[in-house]
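Here is what each chain is made of, one letter per residue.
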Amino acid sequence: MQKIYPDAAAALDGLLFDGMQICAGGFGLCGIPERLIDAIRDAGTKDLTIASNNAGIDNEGIGMLLRTKQVSKMISSYVGENKEFERQFLAGELEVEFCPQGTLAERM
């Protein structure tokens, strides 16, 4: 198995599919898989369920995937700094499962 790839898109080649669940690490915008999130956005993979402690902010982190409407469900413990998340949630466009931080970590 190859463990070193030239870029994020190559690392994800053949792994992405519509409707998949992705667990994304990091805390806030620190330690998030930025290049992998960019590659998922660029691949156009949609109907994603994202499990992460937060939803990023507008156009940063998972917020980029929300902006492009690639996320259909968020499983998170904190979502308070993303206006697009708020808009989609209130409009009924995004399913949300709130999960306490410790429970989310155990589930992962």
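Preceding this section is the structure that the text describes.
Residues numbered from 1 in each chain as written. Predicted model: local features only at pLDDT ≥ 70, side-chain atom pairs only at ≥ 80, totals over all residues. Heavy atoms only, no water.

Caption draft 1: Spatial organisation of the overall build of the protein chain. When helices and strands are tallied, the protein chain shows five helices and four strands. Seen in sequence order, the protein chain has helices and strands lined up from the N terminus as α-β-α-β-α-β-α-β-α. The C-alpha radius of gyration of the protein chain comes to 13 Å, within 12% of the 13 Å expected for a compact globule of 108 residues. Along the first, second and third principal axes, the C-alpha set of the protein chain runs to 40 × 30 × 20 Å. Put simply, the protein chain has 108 residues, and 38% of those count as buried. Long-range pairs, those at least 24 residues apart, make up 56% of the contacts in the protein chain with a sequence separation of at least 6. About 6400 Å² of surface is accessible on the protein chain, with carbon and sulfur atoms providing 54% of the total. When the 10 positive and 16 negative side-chain charges of the protein chain are each reduced to one mean point, those points stand 1 Å apart. (Helix = DSSP H or I, 4+ residues; strand = E, 2+ residues; numbered from the N terminus. Rg over C-alpha atoms; globule rule 2.2 N^0.38 Å. Buried < 20%, exposed > 50% of the residue type's maximum accessible area, 1.4 Å probe, protein only. Contact = heavy atoms within 4.5 Å. Areas by Shrake-Rupley, 256 points an atom, 1.4 Å probe, with all protein chains shown as cover. Lys, Arg positive; Asp, Glu negative; His and termini not counted. Charge placed at Lys NZ, Arg CZ, Asp CG, Glu CD.)

Caption draft 2: Highlighting the pairing of strand 2 (residues 48–51). Taking every second residue as pointing to the same face, both faces of strand 2 are buried, with Leu-48 and Ile-50 on one and Thr-49 and Ala-51 on the other. Sheet topology note: the strand 1 (residues 21–23)/strand 2 ladder contains three bridges and is parallel. Along strand 2, the bridge assignment pairs Ile-22 with Ile-50. Where the polypeptide runs from strand 1 across helix 2 (residues 34–43) and back to strand 2, its parallel neighbour, the crossover connection is right-handed. (Pairing = 2+ DSSP bridges. Right-handed = clockwise from strand over helix to strand, strands pointing away.)

Caption draft 3: Local environment of the nonpolar core. Formed by 22 residues in total, the largest nonpolar core has its most connected members in Ile-50, Leu-66, Met-74 and Phe-85. Elements that contribute at least two residues to this core include exactly helix 1 (8–12), helix 2, strand 2, helix 3 (62–67) and strand 3 (71–76). Here this core gets four residues from one element, more than from any other, and that element is helix 3. Excluding residues within four positions of it along the chain, Ile-50 makes contact with Ile-22, Ile-62, Leu-65, Val-71, Lys-73, Met-74 and Ile-75. (Core = buried A, V, L, I, M, F, W, Y, C linked by side-chain atoms within 4.5 Å.)

Caption draft 4: Structural view of a nonpolar patch on the surface. Residues Phe-89, Leu-90 and Phe-98 make up a contiguous nonpolar surface patch of roughly 330 Å² in combined accessible area. Secondary-structure assignment places Phe-98 in strand 4 (residues 95–98). (Patch = residues over 30% accessible without salt bridge, like charges linked within 9 Å, V, L, I, M, F, W, Y side chains within 5 Å. Salt bridge = Lys/Arg side-chain N within 4 Å of Asp/Glu carboxyl O.)

Caption draft 5: Expanded view of the pairing of strand 3. In terms of burial, strand 3 is a largely internal element, five of the six residues being buried. Taken together, the four bridges between strand 2 and strand 3 define a ladder with parallel strand orientation. Counterpart to Ile-50 in the pairing with strand 3 is Met-74. In terms of strand pairing, strand 3 meets strand 4 through four bridges, oriented parallel. Paired with Lys-73 across the strands is Glu-95, a residue of strand 4. Since strand 3 and strand 4 lie parallel, the crossover through helix 4 (residues 83–90) that links them has a hand, and here it is right-handed.

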